[in-house]
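Summary of structural features
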Amino acid sequence: MRTWPRVRFGLTRPIVALVIAETALAAACAPQAGSPSEGASLKVVATTTVFADIVRNVAGDRATVISIIPAGAGPEDYEPKPDDARKLADADLIVSNGVGLDDFLDQLIEAAGEGAATRLVLGEGIPTIAVDGEPNPHFWLDPNLVATHYVPAISAALAKLDPSGAATFTTNANAYVAQVNAMDTANKAKIETIPVANRKLVTFHDAFPYFAAHYGFDVVGVILANVGQEPAASELAALVETVRAAHVKAVFSEAQFSPELAKTLAEEAGITTVVTTLYNDTLGPPPTDSYLRMMEWNVDEIVKALR
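All values reported here derive from a predicted model rather than from experimental measurement.

1. Considering the pattern of salt bridges
- Counting across every chain of the model gives six salt bridges.
- One salt bridge connects aspartate 184 with lysine 188, and the closest N-O pair in it is separated by 3.7 Å. Of this pair, aspartate 184 and lysine 188 both sit in helix α6 (residues 166–191), separated by four residues, roughly a single helical turn.
- Two residues, aspartate 289 and arginine 293, come together in a salt bridge whose shortest N-O distance is 2.9 Å.
- Since its relative accessible area comes to 38%, arginine 293 is described here as partly exposed.

Shown next, in the form of structure tokens:
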């Protein structure tokens, strides 16, 4: 069965126990979440740098926004740390994706009890694409879902916590949606330069079904069906045959992962182009240090490889 990126609690019990203990203690000492003092900015904690960046664009200077998982690391790599307890205890709002991507929050929030911040789960209510019978959580790689679901949900959650800033959040949200739509339009124009027969993706892990559906790609294959578990030799051999039969031009992987499996697949399938610099679960260094620039970068890299 396909499993989406999750923190490996079974391997890190001492760390998790310490995080939970510190969360409970910090929550007991923290001000009541969701009730910032007059003139104070909201404190928002997002699970990933991607979500933190989107929230920051909506909140503007009325909130301090941080990410639990640092840039360059994805949920599949992440293990809770004691500092996370302090972040959550101070938060007015916790923003996560849901659909299995960031389930490590559940124990932390449960431990915080009544002192826990308001929680916004961005993926709630979004129709999912099932891959091997499992709902895929990577909604944000379809910019339309960010514009129509993520941003309005963030604006509404912030306004509920800070009613005096509601007009600012709405203005910021509208401006950001315009930027997302402009990026999306530009990306579509770039993708139109790829011959239709070449619009085929082979990716390292299964992060791109919403991206593919939105931009008109066919996901031919995925190297890792289960993140953290290398494919069996028979599975890799079957994928090689699938890729060969589809006449795929390139193999794609993300910068946070080792490129070796992607290179092995490409070599076995006779593919000369391997791109290992995509981003999805995390932002990277410039020019991939915002959601908008990350999406532009990914499309540029894909277009160069497939055109």
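Structure's up, so let's keep going.
2. What about the packing of α6 against helix α10 (residues 291–306)?
- One way to put it is that α6 packs onto α10 with a least axis distance of 10 Å and a crossing angle of 5°. One element, α6, and the other, α10, form an angle in the roughly parallel class. Two secondary-structure elements touch here, α6 through Tyr176, Gln179, Val180, Met183, Asn187, Lys190 and Ile191 and α10 through Tyr291, Leu292, Met295, Glu296, Val299, Asp300 and Val303.
- Across the contact of α6 with α10, the residue classes tally to nine nonpolar, two polar and three charged.

3. Topic: the side chain of serine 96
- The topology assignment puts serine 96 in strand β3 (residues 93–96).
- Discounting residues that sit within four places of it in the chain, serine 96 has contacts with Thr47, Asp102, Leu105, Arg119, Leu120, Val121 and Leu122.

4. Structural notes on the nonpolar core
- Trp140, Phe211, Phe217 and Tyr291 are the most contacted members of the largest nonpolar core, which has 62 residues in total.
- Per-element tally for this core: the top contributor is helix α5 (residues 143–161), with 10 residues.
- Setting aside anything within four residues of it in sequence, one finds tryptophan 140 in contact with Val50, Phe51, Asn97, Leu101, Val146, Tyr150, Asn280, Asp281, Tyr291, Met294 and Met295.
- Counting 19 residues, the second-largest nonpolar core is a separate cluster that includes Leu236, Val240, Phe257 and Ala266.

5. Structural notes on the sheet that holds β3
- Here four strands make up an open sheet; going across it, the order is β2-β1-β3-β4 and the pairing parallel. Where the open sheet ends on each side, the last strands, each with one partner, are β2 (63–67) and β4 (118–121). Taken over all neighbouring pairs, the strand axes of this sheet differ in orientation by 20° on average, direction set aside.
- Inspection of the sheet shows strand β1 (residues 42–46) paired to β2 by five bridges, in the parallel sense. Counterpart to valine 44 in the pairing with β2 is valine 65.
- Helix-sheet contacts for helix α2 (residues 49–59) involve β1, β2 and β3, and the interaxial angle to β2 is about 170°.

6. A short note on helix α8 (residues 233–246)
- In this model α8 runs 20 Å from its N-terminal to its C-terminal C-alpha over 14 residues, within 8% of the 20 Å that 1.5 Å per residue would give.
- Three or more residues of α8 are buried, namely Leu236, Leu239, Val240, Val243 and Ala246. Each buried residue of α8 lies within a common arc of 135° when the element is viewed along its axis, so the set occupies one face. Of the exposed residues in α8, those oriented more than 90 degrees away from the buried face are Ser234 and Ala245.
- For α8, the secondary structure elements touched by its buried residues are β7 (200–205), β8 (218–224) and α9 (260–269).

7. Describing the pairing of β1
- Among the five residues that make up β1, four are buried, leaving the element largely enclosed by the rest of the structure.
- Once you follow β1 into α2 and on to β2, the crossover reads as right-handed.

8. Re the environment of tyrosine 210
- Mapped onto the fold, tyrosine 210 is located in helix α7 (residues 209–215).
- When its relative accessible area of 4% is taken as the criterion, tyrosine 210 is described as buried.
- Between the C-alpha atom of tyrosine 210 and that of aspartate 142, which follows or precedes it by 68 residues, the distance is 5.4 Å.
- Of note is the side chain of tyrosine 210, whose polar atom sits 2.6 Å from the backbone oxygen of asparagine 136.

9. Side note on the pairing of β7
- Along β7, five of the six residues are buried, which leaves the element largely enclosed by surrounding structure.
- In this structure, β7 lies alongside β8, joined through five bridges in parallel fashion. Bridge pairing in β8 places valine 202 opposite glycine 221.
- Note that the unit made of β7, α7 and β8 has a crossover that is right-handed.

10. Considering the packing of aromatic side chains
- Applying the stated criterion across every chain, the model contains seven aromatic pairs.
- With 5.1 Å between their ring centres and 90° between their planes, phenylalanine 51 and tryptophan 140 make a pair best called edge-to-face. Linking phenylalanine 51 in helix α2 with tryptophan 140 in the loop between β6 (134–135) and α5, this pair joins segments that are 89 residues apart in sequence.
- Consider the rings of phenylalanine 208 and phenylalanine 211, whose centres lie 5.6 Å apart with planes at 90°: the pair is edge-to-face.
- Overall, phenylalanine 211 belongs to the buried group, its relative accessible area being 1%.

Conventions used here
Residues numbered from 1 in each chain as written. Predicted model: local features only at pLDDT ≥ 70, side-chain atom pairs only at ≥ 80, totals over all residues. Heavy atoms only, no water. Salt bridge = Lys/Arg side-chain N within 4 Å of Asp/Glu carboxyl O. Helix = DSSP H or I, 4+ residues; strand = E, 2+ residues; numbered from the N terminus. Buried < 20%, exposed > 50% of the residue type's maximum accessible area, 1.4 Å probe, protein only. Axes fitted to C-alpha atoms, helices over the stretch in contact; angles between N-to-C directions. Parallel < 35°, antiparallel > 145°, perpendicular 65-115°, else oblique. Contact = heavy atoms within 4.5 Å. Nonpolar A, V, L, I, M, F, W, Y, C, P; charged D, E, K, R; others polar. Core = buried A, V, L, I, M, F, W, Y, C linked by side-chain atoms within 4.5 Å. Pairing = 2+ DSSP bridges. Expected span 1.5 Å × (residues − 1). Arc of directions from axis to C-beta. Right-handed = clockwise from strand over helix to strand, strands pointing away. Polar contact = N/O pair within 3.5 Å; in protein donor to acceptor, adjacent residues only side chain to side chain. Phe/Tyr/Trp six-rings, centres within 6.5 Å; stacked < 30°, edge-to-face > 60°.

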